[in-house]
Amino acid sequence: MEGCVPAWPVGARLRFRLDAPVQEKYRFVRGTDVEILGPPKLCPPNDAPEWAVRQPVWSFAMGRDGWAKYDQLEPRPDDAAPAKLEEVKLVRPLRVGEPA
């Protein structure tokens, strides 16, 4: 579908892949659990060189929320009913003052 992106279901418990591409300072999160907090959003570059689609997650290793790309995550190996990637429509964020 046009305008759709791969995304994990909200509420899914996953883990960072052991080979997840992460910045050097975040390598310790590899293999640790996360929970998906919301739908994907188009995020501006911060430490990355370009815009990227990311989902808000709760990182149990960091003890706080953060952002992850769908391909950095995978189902936990001990999960009896692993989450599956979905295709969801990426919604353009509202501009300041724009009616909802």
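In short, a report on the structure. (Residues numbered from 1 in each chain as written. Predicted model: local features only at pLDDT ≥ 70, side-chain atom pairs only at ≥ 80, totals over all residues. Heavy atoms only, no water.)

**Focus on the overall build of the chain**
Counting secondary structure elements, the chain contains zero helices and eight strands. Burial analysis of the chain (100 residues in total) assigns 27% to the buried set. Once local pairs closer than 6 in sequence are excluded, the contacts in the chain between residues at least 24 apart make up 55%. A total of about 6800 Å² of accessible surface is found on the chain, and carbon and sulfur atoms cover 55% of it. (Helix = DSSP H or I, 4+ residues; strand = E, 2+ residues; numbered from the N terminus. Buried < 20%, exposed > 50% of the residue type's maximum accessible area, 1.4 Å probe, protein only. Contact = heavy atoms within 4.5 Å. Areas by Shrake-Rupley, 256 points an atom, 1.4 Å probe, with all protein chains shown as cover.)

**Here we look at a nonpolar patch on the surface**
A contiguous nonpolar surface patch, about 270 Å² in accessible area, is contributed by Leu-37, Trp-58 and Phe-60. Here Trp-58 shows up in strand S5 (residues 52-59). A residue is classified by how much of its surface remains accessible, and Trp-58, at 32% relative accessible area, is partly exposed. (Patch = residues over 30% accessible without salt bridge, like charges linked within 9 Å, V, L, I, M, F, W, Y side chains within 5 Å. Salt bridge = Lys/Arg side-chain N within 4 Å of Asp/Glu carboxyl O.)

**Examining the layout of surface pockets**
Quantified by volume, the largest pocket comes out at close to 720 Å³. Together, 26 residues line the largest pocket, and Gln-23, Tyr-26, Arg-54, Trp-67 and Gln-72 are the ones closest to its centre. Looking at the lining of the largest pocket, the elements that each hand over two or more residues are S5 and strand S6 (64-68). Looking at the lining of the largest pocket residue by residue, the classes come out as 15 nonpolar, five polar and six charged. (1 Å grid on protein atoms, 1.4 Å probe; cavity = no way out; pocket = protein on both sides within 12 Å on 5 of 7 lines; lining within 4 Å. Points joined across faces, edges and corners; volume = space filled by probe spheres on them. Nonpolar A, V, L, I, M, F, W, Y, C, P; charged D, E, K, R; others polar.)

**Section: the pairing of strand S2 (residues 13-16)**
Note: S2 against strand S3 (residues 33-36), three bridges, orientation antiparallel. Its bridge partner being in S3, Leu-14 is matched across the sheet by Val-34. Here S2 runs beside strand S7 (residues 73-75); their pairing, made up of three bridges, is antiparallel. Bridge assignment links Arg-15 to a residue of S7, and that residue is Glu-74. (Pairing = 2+ DSSP bridges.)

**Points about empty space enclosed by the protein**
Left-over empty space is what a probe sized like a water molecule reveals as it rolls over the atoms. Tallied over the entire structure, the rule returns one cavity of 30 Å³ or more. The computed volume of the largest cavity comes to approximately 40 Å³. Residue lining of the largest cavity: Pro-6, Pro-40, Val-53, Arg-54, Gln-55, Ala-68, Lys-69 and Tyr-70, and that is the complete set. Among the elements that line the lining of the largest cavity, the one with the most residues is S5, at three residues. Each residue belonging to the lining of the largest cavity can be placed in one class, and the counts come to five nonpolar, one polar and two charged.

So far we have only geometry, and geometry alone does not tell us how the molecule works.
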